[in-house]
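Residue-level listing of the chains:
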Amino acid sequence: MRATEALTGLRSLAQGGGPGCLERNDWICGEYLRTRSQELLSATLQHIGITAVSVLIGLLIAFPLALLARHRRGVAGPVLGLTTVLYTVPSLAMFALLTPVFGVSPAVVVTGLVLYSLTILVRNVLAGLDAVPAEVREAARGMGYGPARLLLEVELPLALPALVAGVRIATVSTVAMTTIGSVVGYGGLGNLIASGMEGFFKAEVLTASVLCVLLALAADLLLLGVQRLLTPWTRARTGGRRVRRPAPVAKAVG
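For every chain, the first residue of the written sequence is number 1, and numbering continues from 1 along that sequence. Local features in a predicted model are, by the rule used here, given only for residues with pLDDT of at least 70; side-chain atom pairs are given and counted only at 80 or more, and totals for whole chains, interfaces and linings are based on all residues. Note that the side-chain values use all heavy atoms of the structure and ignore hydrogens as well as water.

Participant: How should I be thinking about the overall build of the protein chain in this particular structure?
Facilitator: We count a stretch as a helix when DSSP gives it H or I for four or more residues in a row; a strand needs E for two or more, and each element gets its number in order from the N terminus. On a plain count of helices and strands, the protein chain comes out with 12 helices and 2 strands. Taken over 254 residues, the protein chain has a buried fraction of 41%. Summarising the internal contacts of the protein chain: among those between residues at least 6 apart in sequence, 70% fall at separations of at least 24. A 1.4 Å probe and the Shrake-Rupley method give the accessible areas. Residues count as covered only by the protein chains that appear here. Working note: accessible area of the protein chain is about 13500 Å², and carbon and sulfur atoms make up 68% of it. Each residue's exposure class comes from its accessible area (1.4 Å probe, protein chains only) as a fraction of the maximum for that residue type: buried when under 20%, exposed when over 50%, partly exposed otherwise. Working rule for contacts: check all heavy atoms of both residues, and any pair within 4.5 Å makes them a contact.

Participant: Help me out: how do you make sense of the side chain of Thr171 in this one?
Facilitator: Inspection of the secondary structure assignment puts Thr171 in helix 9 (residues 147-177). Excluding its chain neighbours within four sequence positions, the residues that come into contact with Thr171 are Thr51, Val55, Ala219 and Leu223.

Participant: Quick question: what am I supposed to make of the layout of surface pockets here?
Facilitator: Over the atoms a probe the size of a water molecule is rolled, and this reveals where empty space is left. A pocket here means an open set of points on a 1 Å grid, computed over the protein atoms alone, that has protein on both sides within 12 Å along at least five of seven lines. A cavity is instead a set of points where a 1.4 Å probe fits but cannot get out; residues with an atom within 4 Å of a point line either one. Grid points are joined across faces, edges and corners, and a volume is the space filled by probe spheres set on the points. The computed volume of the largest pocket comes to approximately 400 Å³. Lining the largest pocket we find 20 residues, and of these Ala52, Val55, Thr171, Ala219 and Leu223 sit closest to its centre. Contributing elements (two or more residues each) for the lining of the largest pocket: helix 4 (37-71), helix 9 and helix 11 (202-230). Broken down by class, the residue content of the lining of the largest pocket amounts to 17 nonpolar, 3 polar and no charged. Residues were grouped as follows: Ala, Val, Leu, Ile, Met, Phe, Trp, Tyr, Cys and Pro as nonpolar; Asp, Glu, Lys and Arg as charged; and all remaining residues, including Gly, as polar.

Participant: In this structure, what is going on with the environment of Leu121? I would like to understand it.
Facilitator: Locating Leu121 in the fold gives a position in helix 7 (residues 106-130). Once the C-alpha coordinates of Leu121 and Ala66 are considered, the two residues, 55 residues apart in sequence, prove to be 8.6 Å apart. In this view, Leu121 contacts Val55, Gly58, Leu59, Ala62, Gly166, Val167 and Ala170; residues no more than four positions away in its chain are not counted.

Participant: Before we go on, may I ask you to explain the confidence of the model for the protein chain in this structure?
Facilitator: Interpretation of the predicted coordinates at a detailed level should be avoided for regions scoring low in pLDDT. The pLDDT value tells you how sure the predictor is about a given residue, anywhere from 0 up to 100. For the protein chain, the mean per-residue pLDDT works out to 83, and 85% of the residues sit at or above 70. Of all the helices and strands in the protein chain, helix 12 (residues 248-253) carries the lowest mean pLDDT, 42, while helix 4 carries the highest, 93. Counting interchain partners and residues more than four positions distant, the pLDDT-below-50 stretch residues 3-16 has 11 contacts. Low pLDDT (under 50) marks residues 245-254, which in the prediction has 19 contacts with non-local residues, meaning those over four places away or in another chain.

Participant: Explain the nonpolar core to me, please; I cannot follow it from the model alone.
Facilitator: Taken as a class, soluble globular proteins show a tendency for nonpolar side chains to be buried jointly. Residues enter a nonpolar core if they are buried and are Ala, Val, Leu, Ile, Met, Phe, Trp, Tyr or Cys, with the set joined through side-chain atoms within 4.5 Å. With 21 residues, the main nonpolar core has Val122, Leu129 and Val167 as its most contacted residues. For this core, the elements supplying multiple residues, two or more each, are helix 4, helix 5 (73-88), helix 7 and helix 9. Looking at which element gives the most residues to this core, the answer is helix 7, with 7 residues. The residues touching Val167, leaving out its near neighbours within four places in the chain, are Val55, Leu59, Leu121 and Leu223.

Participant: Before we go on, may I ask you to explain the packing of aromatic side chains in this structure?
Facilitator: Each Phe, Tyr or Trp ring (for Trp, its six-membered ring) is paired with any other whose centre lies within 6.5 Å, and the angle between the two planes then decides the class: stacked below 30 degrees, edge-to-face above 60, tilted in between. Within the structure shown, the criterion is met by 3 aromatic pairs. Between the aromatic rings of Trp27 and Phe200, the centroid separation amounts to 6.3 Å while the plane-to-plane angle is 80 degrees, which identifies the pairing as edge-to-face. Taken together, the residues Trp27 in the loop between helix 2 (21-24) and helix 3 (30-35) and Phe200 in the loop between helix 10 (189-199) and helix 11 connect sequence positions 173 residues apart. Aromatic pair Tyr87 and Tyr116: ring centres 6.0 Å apart, planes at 90 degrees, arrangement edge-to-face. On the criterion of sequence distance, the pair formed by Tyr87 in helix 5 and Tyr116 in helix 7 is long-range, its members being 29 residues apart. Owing to a relative accessible area of 3%, Tyr116 belongs among the buried residues under this scheme. Only Lys NZ and Arg CZ are tested; either one counts as a charge over a ring when it is within 6 Å of the ring centre and within 35 degrees of the ring normal. Looking at Arg149, its charged tip hangs above the ring of Tyr145, at a distance of 3.9 Å from the centre.

Participant: Quick question: what am I supposed to make of the environment of Ala203 here?
Facilitator: Summarising the element assignment, Ala203 is placed in helix 11. On a C-alpha basis, the gap between Ala203 and Ile193 in space is 9.8 Å, while along the polypeptide they are 10 residues apart. Beyond its immediate sequence surroundings of up to four residues, Ala203 is in contact with Asp26, Trp27, Cys29 and Tyr32.

Participant: What is the right way to read the pattern of salt bridges from this model?
Facilitator: A side chain of one charge can pair with a side chain of the opposite charge when the charged atoms of the two come close. By salt bridge we mean one thing: a side-chain nitrogen of Lys or Arg within 4 Å of a carboxyl oxygen of Asp or Glu. Following the criterion strictly, the structure yields 10 salt bridges and no others. Between Arg34 and Glu31 there is a salt bridge, with the nearest N and O atoms lying 2.1 Å from each other. One end of the pair is Arg34 and the other is Glu31, both in helix 3 and 3 residues apart, which spans about a single turn. Residue Arg34 is classed as exposed on the basis of its relative accessible area of 55%. A salt bridge links Glu155 to Arg137, with the nearest nitrogen and oxygen atoms 2.5 Å apart. Of the two residues, Glu155 sits in helix 9 while Arg137 sits in helix 8 (residues 134-142), which places them 18 residues apart along the sequence. Members of the salt-bridge network, linked through shared partners, are Arg70, Asp130, Arg137 and Glu155.

Take a look at the structure:
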């Protein structure tokens, strides 16, 4: 690829157009975007894949942990403490500890990111479930709701705003932390940032960094849209003013 860029620069000089942005090593370079489009696409897709898998697995682990901490208060302290301790482990040390187990593979990065996401997800799931009014639970039990039905049809819908808020924070954080995976060669856009920093390739560093920011913003907006779609009662308005309305399930059990 660099040979192609060199030939492009020589061609530009031969045509009397002067050195191109690649030869000048500009921060903003359209030539870089054109000649490296496939590389940028591959890195972006890898970044999205690692982020999505990490957050999904983190949520699947965090939800039962939050339920356990909620029903067994003696377990809540150790669970929250352990997830907090995991979050404080430096990423380089985390990947170094995981590499002997998983080898140099995407599993190292995904596992590390899952462990980091737990402290955010567990706390938000727990906070959302704890915020469900006690009278709503009692009304549902009085109507014959069992524990599973109470959780799925009453508590979980009312806890969705806090739960999705946690997923949004975890996703944005994971998008940023995925770049650290470049130390094992699986960092998505982080691979380009690392190689660009090594050779002080300005366009590569800036373009990959901007794409990371755009990915984080796009993911946050997407999840915000999902939250608004799943919780229409939180945005109900009358005459331009927000009015408080209970969720449909809360009305049903009330």
